[in-house]
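Inside the fold
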Amino acid sequence: MQVLSFGSLNLDYVYQVDHFVQKGETLASTGLQVFCGGKGLNQSLALQKAGVTVRHAGVIGPDGQILLDMLEKAGVDCSLVQRVKEPRSGNAIIQCDRQGDNCIMLYGGANQVVDEAMVDEILNEFVPGDYLLVQNEISSLPYLVRRAHERGMYIVLNPSPIDEGLFQLDFSMIDLIILNEIEGKALTGCAGDIEELLERLCGVFPCAEIVLTLGEDGSIYHGKEGTIREKGCRVRQVVDTTAAGDTFTGYYLAERIRGRSAAEALRTASCASAIAVTRKGASVSIPELDEVQKFTSDLQESR
Ligand code: RIB
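Computed from a predicted structure; not experimentally measured.

Things to note about the layout of surface pockets
- In this structure, the largest pocket occupies an estimated 1,400 Å³ of space.
- What lines the largest pocket is a set of 47 residues, and nearest its centre among them are Asn180, Thr213, Thr241, Ala244 and Gly245.
- Of all elements in the fold, only strand E2 (10–16), helix H1 (39–49), strand E6 (90–96), strand E7 (102–107), strand E10 (176–180), helix H5 (181–188), helix H7 (244–257) and helix H8 (262–276) reach the threshold of two or more residues within the lining of the largest pocket.
- Per element, the largest residue contribution to the lining of the largest pocket is five residues, and it comes from H7.
- Within the lining of the largest pocket, the residues separate by chemical class into 20 nonpolar, 18 polar and nine charged.
- Taken as a whole, the second largest pocket holds about 210 Å³ of empty space.

Structure (structure tokens):
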């Protein structure tokens, strides 16, 4: 069984700010750091750190070698990543405020040159039962999902960021969806409580197991194993929430691939993302498995 993570690779320009810049305002940042990121790259790294061997597919521009170096150093197979002379690699302008919250502006760059021929060439390497993990930062996503489904792959969607293009996907082809409450509400139009949101998500994703993250309030699984709630893990200081969701997604999926129950997977993924928010940056904040295991067992003892 192989795991294909087909997604974005970005250079993240992270500006430390007092508050998010307002309309018409010019704001001096207090610091700038450049990190490897992109939801695709982050989730591949989280999966690999969580102990699953990953093949990453995506596209980089001439400035993207650092992104490959980082993935390869962690053990991710990057033989399916393609290079183009232009445009440049995707990038993200990230403002990170004193509370550790962020807002992100994306430039798609090379992530947006994924086309149908590329998708076909890459999917040829995969067979029924293999996993495909995707987010919404590359072009040709509806085609990729359709062809992977026809191939009998197990499709995991993290529908982030939400935009109109996402609605071109055939949601009945998704086997596992991992999303946050805001994304859930945007996808379903639900304005009600969590129970109603889950019900609406089941309608939109009729064949999928659903994992809904609720920030500090934890996470919920709904699917074959019933409805399971995991309390959130509190941390002393939130430094930067960037890639917390990516860390959760990678760790949750890794646990499930290993055959762990939904409850165990939620717990491990919550602990991994709790560690990630105590560190600056996207990919660099994703913890190693042994650290997550220790955090998880300490948490269980204290409960
Ligand atoms: O989820 C965090 C990621 O979103 C960042 O690394 C940034 O590149 C954007 O894709």
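Topic: the pairing of strand E4 (residues 55–60)
- Where burial is concerned, most of E4 is hidden: six out of the six residues are buried.
- Taking every second residue as pointing to the same face, both faces of E4 are buried, with Arg55, Ala57 and Val59 on one and His56, Gly58 and Ile60 on the other.
- By the bridge criterion, three bridges tie strand E1 (residues 3–6) to E4 in an arrangement that is parallel. Considered in E4, the bridge of Ser5 is made with His56.
- In this structure, E4 lies alongside strand E5 (residues 77–83), joined through five bridges in parallel fashion. Bridging across to E5, Ile60 finds its partner in Arg83.
- Read from E4 through helix H2 (residues 65–73) to E5, the crossover connection turns out right-handed.

The rules behind each value
- Residues numbered from 1 in each chain as written.
- Predicted model: local features only at pLDDT ≥ 70, side-chain atom pairs only at ≥ 80, totals over all residues.
- Heavy atoms only, no water.
- 1 Å grid on protein atoms, 1.4 Å probe; cavity = no way out; pocket = protein on both sides within 12 Å on 5 of 7 lines; lining within 4 Å.
- Points joined across faces, edges and corners; volume = space filled by probe spheres on them.
- Helix = DSSP H or I, 4+ residues; strand = E, 2+ residues; numbered from the N terminus.
- Nonpolar A, V, L, I, M, F, W, Y, C, P; charged D, E, K, R; others polar.
- Buried < 20%, exposed > 50% of the residue type's maximum accessible area, 1.4 Å probe, protein only.
- Pairing = 2+ DSSP bridges.
- Right-handed = clockwise from strand over helix to strand, strands pointing away.

Such coordinate-based values are descriptive only and should not be taken to indicate function.
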